[in-house]
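Fold and contact review
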Amino acid sequence: MIDSAINIKIRTGLFITLIMTIIGCKNETGEKNSSKIKEVELPKKPNILCLVTEDMGAYLPMFGDSTIATPNLSRLAKEGVIYPNLFSTSGVCAPSRAAIATGMYPSGIGANHMRTTSYTEVTGLPKYGAVPPPEVKMISELLRGKGYYCTNNYKTDYQFKEPMTAWDDSSPYAHWRNRKNEQPFFAVMNFTDTHESGLFEPYGHRYIEERHHHSGERDFTWKPGKMTEDETPKHLPKDTDFDIPPYLPDTEIVRRDMWKLYNNIAEMDRQVGAVLKQLEDDGLLDNTIIFFYGDHGGPLPRQKRLIYDSGLNTPMIVRFPNKWKAGTVDEQLVSFVDFAPTLLSLTGSNPPEYLQGQAFLGEFKTEEERKYIHAAADRFDGYTDAIRAVRDKRFKYIRNYRPEQGYYLPIDYREQIPTMQELLRLRDTGELDSIQMQWFRKTKDPEELFDCVNDPHELHNLANDPKYATRLKELQTEMDRWIAEIGDQPNLPEKELLNQLWNSAEAQPLTANPVLIKKDNLVSVNCATEGASIGYKLINDGKVSESWSVYSGPFSVEKNTEIEVQAHRIGFKPSEIIRRKF
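Focus: the overall build of the chain
Secondary structure summary: the chain contains 12 helices and 21 strands in total. In summary, the chain has a C-alpha radius of gyration of 24 Å against a globular reference of 25 Å for 582 residues, a match within 12%. Taken over the C-alpha atoms alone, the chain extends approximately 80 × 60 × 50 Å along its principal axes. The buried share of the chain, reckoned over its 582 residues, is 61%. Sequence-distant contacts, at least 24 apart, represent 69% of the contacts inside the chain between residues at least 6 apart. Total accessible area on the chain stands at roughly 23500 Å², and carbon and sulfur atoms take up 48% of it. Across the chain, the centroid of the 71 positively charged side chains sits 4 Å from that of the 83 negatively charged ones.

Right, here's the structure in full:
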């Protein structure tokens, strides 16, 4: 298992096509491709398919770990581009998904406490949602406004309730096959077997994940819960010789969790293969840009929730139509906040200026590649910390705003992982070595600096080494700049944050009811709440539209047509549904 994708050697043997076009991309030997044999023109409005798995470190063959065979992802890598330097903005899912959905840093919009709607009995706060600036819309809504059919199957978890205009369909049945003929689509397929809860005992895969083999079939049903271990497919021997990271003990319990981890990945690969086959069967493979990535780093203790690379770095593969740039490696730094502008760029739209990321592909790709990635950690369930990180291609700087508090937090959910229980048992009996005990230190260094190439597990703090003073100062300055730019307030009490988000109100703000105005045969809709998304449904002969249309301007209606309208600003409560007949 490899925690840092920066320090890996990409496996040899990848199939290299003749379509290697961009200077700066590298093949699997690390050499630049200077030949410019064939340019491939991408579709003006390509379909976009995102295959999103959970809690995923660089545990795949094409990223240097040959423990498990992943034939479907390996094929995708051979026909696509490998991105080893993708980083989430947080080591946990909901803040990271907020960044993907909005193109904004979670710690700047009130989305970084995990979660904003739970553990209220600990925080003493009401449930709330992140409140980004009024101009912010979910990327799916922006694409819907450009004519895309947008589906999510099926996890949301954005740290706010998504507006009704976010998706054409967000459900376990959501699929591109339900769109209008020839309509371009943006489809997100989520795979959950790799989640940390997949390590809990009793072990077994979720029945609901079988839906991927029946996608588009609205009459398919599944059993509740999960399989028994006997029912669960076995993809590798339990006595496999696993590479245990140095911060975990090499015991039978840990090795069993490693087996579960890789077995879950292999099952996820099988599900990915089912979705890719559906795309190929539909004749859409070469009109679709396919993204595969995780929602952050690995699921194990000292991985998930932390802002070491083990918690932030997740593999990404992008396959372009006609296998453009197939078999190459793009080593540029990519952040989750870059996804929204990149999707807009790939679909022919100039990203709006408010987005905090930058496009790394497409017509509006930025001229300069990203120099730094940034991340933050705050509350996790019932326990609060305050940590910020900035990283370039080699070094990471971490600033601990609560140095008097240890790194380890006794999070109940994580302690259901047998490896976590084993760590605590061995800690209490004095059987952990010095590296494994680092996580259990009673205090933290106020500042940390790691050489992520030579120290991929981030075990040796260089912050006080004079040899690295210049690099330390550079990253300190960059962190200060980033914090000021995004309006982050590290270590701000969550009560004060909520007070700011709600503008000192005692209750969650309410989106104003929309107002409909008809002139001639045109209907216009207004909402007094700045930045509110407005959706509408037409009702003809008693039949209601399945999804909310995104309101972008006056639209025509036939006589005796009924209309339902709703408004919703992100982070506010939605308005009432207003129904009128014209």
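Notes on the state of the cysteines
Counted according to the given criterion, the structure contains zero disulfides. Among the cysteines around Cys50, which has no disulfide bond, Cys150 carries the closest sulfur, lying 10 Å off. Cys93 takes part in no disulfide bond, and the closest cysteine sulfur, belonging to Cys50, lies 17 Å away. Its relative accessible area of 1% is what places Cys93 among the buried residues.

Some words on the packing of helix H6 (residues 252-281) against helix H9 (residues 418-428)
In helix packing, the relevant descriptors are the interaxial angle and the interaxial distance, both defined with respect to the helix axes. It is the contact of H6 with H9, at a shortest axis distance of 8 Å, that shows an interaxial angle of 160°. On the basis of their axis angle, the class for H6 and H9 is roughly antiparallel. Here H6 runs over H9; the crossing is left-handed. Between H6 and H9, the contacting residues are Ile253, Val254, Asp257 and Lys260 on the first element and Pro418, Thr419 and Glu422 on the second. Residue composition of the contact of H6 with H9, grouped by class: three nonpolar, one polar and three charged.

Rules of the game
Residues numbered from 1 in each chain as written. Predicted model: local features only at pLDDT ≥ 70, side-chain atom pairs only at ≥ 80, totals over all residues. Heavy atoms only, no water. Helix = DSSP H or I, 4+ residues; strand = E, 2+ residues; numbered from the N terminus. Rg over C-alpha atoms; globule rule 2.2 N^0.38 Å. Buried < 20%, exposed > 50% of the residue type's maximum accessible area, 1.4 Å probe, protein only. Contact = heavy atoms within 4.5 Å. Areas by Shrake-Rupley, 256 points an atom, 1.4 Å probe, with all protein chains shown as cover. Lys, Arg positive; Asp, Glu negative; His and termini not counted. Charge placed at Lys NZ, Arg CZ, Asp CG, Glu CD. Disulfide = S-S within 2.5 Å. Axes fitted to C-alpha atoms, helices over the stretch in contact; angles between N-to-C directions. Parallel < 35°, antiparallel > 145°, perpendicular 65-115°, else oblique. Left-handed = near helix turned anticlockwise from the far one by under 90°. Nonpolar A, V, L, I, M, F, W, Y, C, P; charged D, E, K, R; others polar.

No statement about biological role is implied by the geometric values presented.
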